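So the chains spell out like this:
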Amino acid sequence: MEIRKELWGKTACGKEIYLYTLTNEKGAYVQLSNVGAGIVSAVVPDKDGNLADVVLGYPVPESYFGDGPCMGKIPGRYANRVALGKFTLDGAEYTLPVNNGPNHLHGGPEGFQNKVWESRENEGGVEFLYYSEDGEQGYPAAVKAVARYDWSEDCELRLTLTAESDAPTVINLTNHAYFNLNGEGNGNILGHTLRLNCSEYLPTDATQIPLGESVPVAGTPMDFVTPKPIGQDINADFEALKIGKGYDHCWVIDGAEPGQLQDCAELYAPESGRLLQIFTTQPGVQVYTGNWLSGCPEGKNGHIYEDYTGVAIECQNYPDAPNKPEYPSSELRPGEVYEQAIIFAFSVR
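The structure contained in this document is the topic of the report that follows. Every chain is numbered on its own, with residues counted from 1 as its sequence reads. Local features in this predicted model are restricted to residues of pLDDT 70 or higher, and side-chain atom pairs are both shown and tallied only at a pLDDT of 80 or more, whereas totals for entire chains, interfaces and linings draw on every residue. Hydrogens and water molecules were not included; the side-chain quantities draw on all heavy atoms of the structure.

**Quick word on the layout of surface pockets**
In step 1: A 1.4 Å probe that fits into a set of points on a 1 Å grid over the protein atoms alone but cannot get out defines a cavity; an open set with protein on both sides within 12 Å along at least five of seven lines defines a pocket, and lining residues are those with an atom within 4 Å of a point. Grid points are joined across faces, edges and corners, and a volume is the space filled by probe spheres set on the points. As a volume, the largest pocket reaches approximately 530 Å³.
In step 2: In terms of lining, the largest pocket is formed by 27 residues, of which the most central are Gly-68, Pro-69, Cys-70, Leu-105 and His-106.
In step 3: In terms of lining, the second largest pocket is formed by 19 residues, of which the most central are Pro-258, Ser-329, Tyr-338, Glu-339 and Gln-340.
In step 4: Numbering of helices and strands starts at the N terminus; helices are DSSP runs of H or I of at least 4 residues and strands are runs of E of at least 2. Of all the secondary structure elements, the ones that give two or more residues to the lining of the second largest pocket are strand E25 (331–332) and strand E26 (338–348).
In step 5: By residue number, the principal contributor to the lining of the second largest pocket is E26, which donates three residues.

Written out as structure tokens, the structure is:
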């Protein structure tokens, strides 16, 4: 495994932005940036052995700051939505910035995804570290978050997320990469087939806050237990799809247990033959079909990304868990270690 580090740019205040390239013996590689500890590229072979970049992204680091899609980055301190930007922990109410209709999304406008993380090569992988101060974006406690990426000879990208705090807080971390297995900028993903190891999902209100209990997907357009094209039911007369202009929902992963890797999803592009299998320790997966990508910064290679040109498969805790005690706990307390893993395994079929 070869790891190359290069200076990619600097912020206005002089912080250095690095690009890491991890290349295996097959010549397949991933590129990572310390802006939001993000995935910039994943260049993997198709069924004929041709390499292409299957992750949407931008050609310059400046575009990664404050972009609407949160392209390839790690949002935090709480990925996804918190209702009305408020939650209560140990009897104290905390107020977070509202940046998605009436709700708080992805840690707010100055969330982890818009920070320059510290970075280093370490034992064959790349580690990113961000220290979030007490009170940052309204969250209690100081938190040290670490994202470690490992790239294998079998084209598996493993992301390990850990965090510790000095006082009680809440946390939910994931990666927000958008995939197009025909190659970024090469059409939309509506013809990709998707399978989810999820027999239930979380219905939401009109602002995309979960209503409470999960419900079965059977008999609805939310059913991906058997693989089907993403676009097959995306325009169905179904309230959930009308709310988000497509899929932007959290599914409950069948058989999820804390600390145990579980089959989560399979994404397949019949045209290229590329297959992406995803495994995780997280209890849920938010699938977002890029319903609002139009108007985002110019993509790599001069590509202009339109709606549905990429799909994000975000392994995470449930949205609004800090306000719903019936959901898996999002609390992190001193002496505890938050640890989650996501594996993106690329192959062909």
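**Quick notes on the nonpolar core**
In step 1: Within the largest apolar cluster, 65 residues are counted, with the highest numbers of intra-cluster contacts made by Trp-251 and Phe-346.
In step 2: Looking at this core element by element, the count peaks at five residues for strand E12 (residues 143–151).
In step 3: Throughout, a residue-residue contact means that at least one pair of heavy atoms, one from each residue, lies within 4.5 Å. Residue contacts for Phe-346: discarding those within four places in its chain leaves Ala-42, Val-44, Val-54, Trp-151, Asp-154, Cys-155, Phe-179, Leu-181, Leu-275 and Leu-276.
In step 4: What makes a nonpolar core is a set of buried Ala, Val, Leu, Ile, Met, Phe, Trp, Tyr and Cys residues whose side-chain atoms join them at distances within 4.5 Å. The cut-offs for exposure are 20% and 50% of the maximum accessible area for each residue type, with area from a 1.4 Å probe on protein chains only; residues under the lower value are buried, those over the upper are exposed, and the others partly exposed. Of all hydrophobic cores here, the second largest spans 15 residues; its members include Ile-17, Tyr-178, Cys-296 and Ala-312.

**Regarding empty space enclosed by the protein**
In step 1: One pass over the full model with this rule turns up two cavities of 30 Å³ or more.
In step 2: Taken as a whole, the largest cavity encloses approximately 40 Å³ of empty space.
In step 3: For the largest cavity, the full set of lining residues is Arg-81, Leu-202, Thr-204, Gln-208, Pro-210, Asp-248, His-249, Cys-250, Gln-286 and Pro-319.
In step 4: In terms of residues, the lining of the largest cavity owes the most to one element, strand E20 (residues 248–252), which gives three residues.
In step 5: Within this model, the second largest cavity holds a volume of roughly 30 Å³.
In step 6: Lining the second largest cavity we find Gly-76, Arg-77, Gly-107, Glu-110, Gly-111, Phe-112, Ser-132, Glu-136, Gln-137 and Tyr-139.

**A word on the pattern of salt bridges**
In step 1: Note on definitions: salt bridges are taken to be side-chain nitrogens of Lys or Arg within 4 Å of carboxyl oxygens of Asp or Glu. Under the definition given, this model contains 16 salt bridges.
In step 2: For Arg-4, the salt bridge goes to Glu-6, with nearest N and O atoms at 3.4 Å.
In step 3: Of the charged contacts, one joins Lys-245 and Asp-307 as a salt bridge, the two residues approaching to 2.8 Å between their closest N and O atoms. Here Lys-245, found in the loop between helix H1 (239–244) and E20, pairs with Asp-307, found in the loop between strand E23 (284–288) and strand E24 (311–316); they are 62 residues apart in sequence, far enough to count as distant.
In step 4: Lys-245 sits in the partly exposed class, given a relative accessible area of 31%.
In step 5: With relative accessibility at 19%, the residue Asp-307 sits in the buried group.
In step 6: Each of Arg-120, Glu-127, Arg-148 and Asp-150 takes part in one network of salt bridges that share partners.

**Focus: unusual backbone geometry**
In step 1: Here Gly-76 and Arg-77 are connected by a cis peptide whose omega angle stands at 15 degrees.
In step 2: A positive phi is found at Leu-84, a non-glycine position, where the angle reads about 60 degrees.
In step 3: Here Gln-208, not a glycine, exhibits a phi torsion of approximately 70 degrees, which is positive.
In step 4: Considering the arrangement of structural elements, one finds Gln-208 in the loop between strand E17 (200–201) and strand E18 (215–216).
In step 5: Judged by its relative accessible area of 13%, Gln-208 falls in the buried class.

**Examining the pairing of strand E21 (residues 262–268)**
In step 1: Judged by how many residues are buried, E21 sits mostly within the fold: five of seven residues are covered.
In step 2: Strand pairing requires that DSSP identify at least two bridges connecting the strands. Sheet topology note: the strand E16 (residues 193–196)/E21 ladder contains four bridges and is antiparallel. Within E21, the position partnered with Thr-193 by the bridge is Tyr-268.
In step 3: As paired strands, E21 and strand E22 (residues 274–280) are joined by six bridges and run antiparallel to one another. Note that in E22 the partner of Gln-262 across the bridge is Thr-280.
In step 4: In textbook terms, the turn of a hairpin is the stretch between consecutive antiparallel strands, and for E21 and E22 this stretch comprises five residues, one of which, Gly-273, has a positive phi near 80 degrees.

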